[in-house]
Amino acid sequence: MDQETSELITRVIARAPQWLRHDLSSKDLNARGRAEETLAAMIVDALSHGTPQEPEG
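Residues numbered from 1 in each chain as written. Predicted model: local features only at pLDDT ≥ 70, side-chain atom pairs only at ≥ 80, totals over all residues. Heavy atoms only, no water.

(A) Geometry of the overall build of the protein. Scanning the protein from N- to C-terminus turns up 3 helices and 0 strands. Taken from the N to the C terminus, the helices and strands of the protein come in the order α-α-α. By the burial criterion, 23% of the 57 residues in the protein qualify as buried. Residue pairs in contact within the protein that sit at least 24 positions apart in sequence constitute 56% of those at least 6 positions apart. Carbon and sulfur atoms provide 52% of the accessible area of the protein, an area that totals close to 4,300 Å². (Helix = DSSP H or I, 4+ residues; strand = E, 2+ residues; numbered from the N terminus. Buried < 20%, exposed > 50% of the residue type's maximum accessible area, 1.4 Å probe, protein only. Contact = heavy atoms within 4.5 Å. Areas by Shrake-Rupley, 256 points an atom, 1.4 Å probe, with all protein chains shown as cover.)

Next up, the structure:
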């Protein structure tokens, strides 16, 4: 993976909403699965269309 792609993924993760972070650590398999799918979709979208240079907040 090149540096640009790695930085893009890092920015996506930094921008992940709190509910997503919470659900990724959930013991509930359904909640965790939805969170994983959502994060994967966010990463795919960022790789396809880009994302802001700096995390929001």
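(B) Broad picture of the confidence of the model for the protein. Per-residue pLDDT for the protein has a mean of 90; in total, 88% of the residues score no lower than 70. Per-element confidence in the protein is highest for helix α2 (residues 18-24), whose mean pLDDT is 97, and lowest for helix α1 (residues 3-14), whose mean pLDDT is 94. (pLDDT = per-residue confidence, 0-100.)

(C) Focus on α1. Between the first and last C-alpha of α1 there are 16 Å, a value that for 12 residues agrees with the 16 Å anticipated at 1.5 Å per step. Looking at the packing, one finds that the buried side of α1 touches α3 (29-49). Where α1 begins, the capping side chain belongs to Asp 2, and its oxygen is found 3.4 Å from the backbone nitrogen of Glu 4. (Expected span 1.5 Å × (residues − 1). Polar contact = N/O pair within 3.5 Å; in protein donor to acceptor, adjacent residues only side chain to side chain.)

(D) Structural context of the nonpolar core. Leu 8, Val 12, Ala 16, Leu 20, Ala 35, Leu 39, Ile 43 and Ala 46 together form the largest nonpolar core, which totals 8 residues. Those elements that provide at least two residues to this core are α1 and α3. When residues in this core are grouped by element, the largest group, 4 residues, is from α3. Residues within four places of Ala 35 in sequence aside, it is in contact with Leu 20, Asp 23 and Leu 24. (Core = buried A, V, L, I, M, F, W, Y, C linked by side-chain atoms within 4.5 Å.)

(E) Quick look at the environment of Met 1. Positionally, Met 1 belongs in the segment before α1. Its relative accessible area of 79% is what places Met 1 among the exposed residues. When residues no more than four places from it in sequence are discounted, the contact partners of Met 1 are Ser 6 and Ile 9.

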